[in-house]
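Residue-level structural notes
Residues per chain are reported as follows:
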Amino acid sequence: MSIHFSTRQILSLTAVLLLAFAASLGMAFNIDAIALAYDASNASAGLVASAELFSIAVGVLVFARFASRWPTQRIYVIAIALILSGNAASMFVPDLMSLLVLRIPTGLALGVVSATCMATAARSATPESTFGIINAAVGAMGVGIAYVLPRAIGWGEPMSAAFDGRLNFDELDGLYLVYVVCGLAAFFFVRGAPSVHADANAPAATKVAPGMRGWIALFAIGFMFFGHGALGIFLVRAARELDMSSETIGWVFMVGAVFGIVVPLAAGFIGSRTKPFLPLIVIVGLLLAACYVVATTQSVVAFSVAVPLFGSLPMAFLPIMLGVLSRYDPSGTLAGAHAAFVLTGGALAPFAGGYVRDMAENYAMNGYFACVCITIAFVILLPIIRADGAASRHQSESPQPIPGH
């Protein structure tokens, strides 16, 4: 059953997700701080990040089928408490291996929050708009994190001085202090988030597990992000090969961050008012063109125009595609599980992209590789996209308000 969420409920749901996920959104800064704090190699720091991301993916996959069965607000309170404890404890671990072990249960709890938030969003009467707002907020959160975390890396010494040297803090501890504050803030939004779970007396049709076609669609989404990441991980290096200055690269990425806010909102607005095939094929066509330009152009202007599109279009694809999955699987299981496939695809992309780059003289081959992966993924998704009209007719029941809201 689809439900009309109020603006307050959508914003609270988004805040719970983003504030709980602050440590993962700042992962690039975490790797740098881990290397500094423990005098570790990039590989060792990356291993900690990979372990946490993999734990999130496992948490999402395992909990996605339960997210719509239990009271969501209770799930948030328990999971956020675990996340908050993990982030606080990470400030006091003595060595790198202890940090790695600690980040695994924290990642699992993050996966629980992600699965629950996405499964809840899938129950919205206008899932495209709801997912569009969430993805746009991720872009906005990214801008804020990019401003705060580089400064937080330098907080270790003042924090130690505040305790008269009785406690020693390093570069990593400033980051986890930010994440602890975000975790505390997340509690204030739990009450306003929609509390949705399956009714034990609901019709049996709403309890049927999603079919194989839905899981294949999730694999295709992950494969699309795998291809995208195989080129996207090298955007800065590709820019430097065009002799772009650091300032210019920074401006291009700032424009990309703005696109990351606006484009998902526009996609959610359009997707909720039209059939999904046309906007999705336009998005994929533009993404393929952006891949080609980013990887092959020798023009700084063309590169600067293509990069913001390349970075933001996958975030425009997701709200509409998740709307399709929400109608195919009204329980929200598929939408709740999608983050696991996106994370897995993104985690494998740097290795594959690096291998492709090492075999070629430039990044053109990475662009072709990305185009092939994105095309294959979209072809796999086509059957469920085309069947969306039938799914919409099947879910023609009038949306119902949540009792008590």
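Counting starts from 1 at the beginning of each chain's written sequence and moves along it residue by residue. Local features are withheld for residues below a pLDDT of 70 in this predicted model, meaning they are given only at 70 or higher, and side-chain atom pairs are given and counted only at 80 or more; totals for whole chains, interfaces and linings count all residues. Hydrogens and waters are ignored; side-chain quantities use all the structure's heavy atoms.

Between side chains of opposite charge, a pair can form when the charged atoms approach closely. Each salt bridge in this description consists of a side-chain nitrogen of Lys or Arg and a carboxyl oxygen of Asp or Glu lying within 4 Å of one another. In the structure shown here, the tally under the stated rule is two salt bridges. The shortest N-O distance in the salt bridge between Arg103 and Glu52 comes to 3.0 Å. Taken together, the positions of Arg103 in helix H6 (residues 96-121) and Glu52 in helix H4 (residues 42-63) put the pair 51 residues apart, joining distant regions of the chain. Look at Arg103 and you get buried, because its relative accessible area is 0%. Accessible area is worked out with a 1.4 Å probe on protein chains only. A residue is then buried under 20% of its type maximum, exposed over 50%, and partly exposed in between. For Glu52, a relative accessible area of 1% translates into the label buried. Taking the shortest distance from any N to any O, the salt bridge between Arg327 and Glu128 comes out at 2.7 Å. Pair noted here: Arg327 is in helix H14 (residues 300-328) and Glu128 is in helix H7 (residues 127-152), with a separation of 199 residues, a long-range link. Judged by its relative accessible area of 4%, Glu128 falls in the buried class. Each helix is a run of H or I in the DSSP string that is no shorter than four residues. Each strand is a run of E no shorter than two, and both are numbered from the N terminus.

The predictor's confidence in any single residue is recorded as pLDDT, a number from 0 to 100. Averaged over every residue, the pLDDT of the chain is 82; the share at 70 or more is 90%. The lowest-confidence element of the chain is helix H17 (residues 388-394), averaging 53 in pLDDT; the highest-confidence one is helix H13 (residues 277-296), averaging 93. Residues count as neighbours in contact if any of their non-hydrogen atoms are within 4.5 Å of one another. Note on residues 199-207: pLDDT is under 50 here. Beyond four places in sequence and across chains, it has four contacts. Note on residues 393-405: pLDDT under 50 across the span, and 19 contacts to partners over four residues away in sequence or across chains.

Let us now look at the packing of aromatic side chains. Each pair of aromatic rings taken from Phe, Tyr and Trp, with Trp reduced to its six-membered ring, is defined by centres within 6.5 Å and is described as stacked if the planes are under 30 degrees apart, edge-to-face if over 60, and tilted in the remaining cases. By the definition in use, this model includes six aromatic pairs. Between the aromatic rings of Trp215 and Phe341, the centroid separation amounts to 6.4 Å while the plane-to-plane angle is 40°, which identifies the pairing as tilted. Here Phe341 lies in helix H15 (residues 333-359) and Trp215 lies in helix H10 (residues 212-232), a separation of 126 residues in the sequence. Here Trp215 falls in the partly exposed class, since its relative accessible area comes to 26%. For Phe341, a relative accessible area of 21% corresponds to the partly exposed category. Look at Tyr292 and Tyr368: their rings are 6.4 Å apart centre to centre, the planes differ by 40°, and that puts the pair in the tilted class. On the criterion of sequence distance, the pair formed by Tyr292 in helix H13 and Tyr368 in helix H16 (residues 364-386) is long-range, its members being 76 residues apart. Residue Tyr292 is classed as partly exposed on the basis of its relative accessible area of 45%. Members of the aromatic cluster, connected to one another through ring pairs, are Phe219, Phe223, Phe226 and Phe369. Positioned over the ring face of Tyr147 is Arg151, at 3.9 Å from the centre of the ring. Both a distance and an angle decide whether a charge sits over a ring: NZ of Lys or CZ of Arg must be within 6 Å of the ring centre and within 35 degrees of the ring normal. Sitting above the plane of the Phe277 ring, Arg386 keeps its charged end 4.7 Å from the centroid.

The axes are straight lines fitted to the C-alpha atoms, using for helices just the contacting stretch, and the angles between their N-to-C directions are given from 0 to 180°. Running from N to C, H15 and H16 point in directions that differ by 135°, and their axes come no closer than 8 Å. Classified by the angle their axes make, H15 and H16 are oblique. Here H15 runs over H16; the crossing is right-handed. Two secondary-structure elements touch here, H15 through Gly353, Val356 and Arg357 and H16 through Met365, Asn366 and Phe369. Under this grouping Gly is polar, as are all residues other than the nonpolar Ala, Val, Leu, Ile, Met, Phe, Trp, Tyr, Cys and Pro and the charged Asp, Glu, Lys and Arg. Its residues placed into classes, the contact of H15 with H16 shows three nonpolar, two polar and one charged. Should an angle lie under 35 degrees it is considered roughly parallel, over 145 roughly antiparallel, and from 65 to 115 roughly perpendicular; all remaining angles are considered oblique. Take the far helix as the reference: if the near one is turned anticlockwise from it by less than a right angle, the crossing is left-handed, and if turned clockwise, right-handed.

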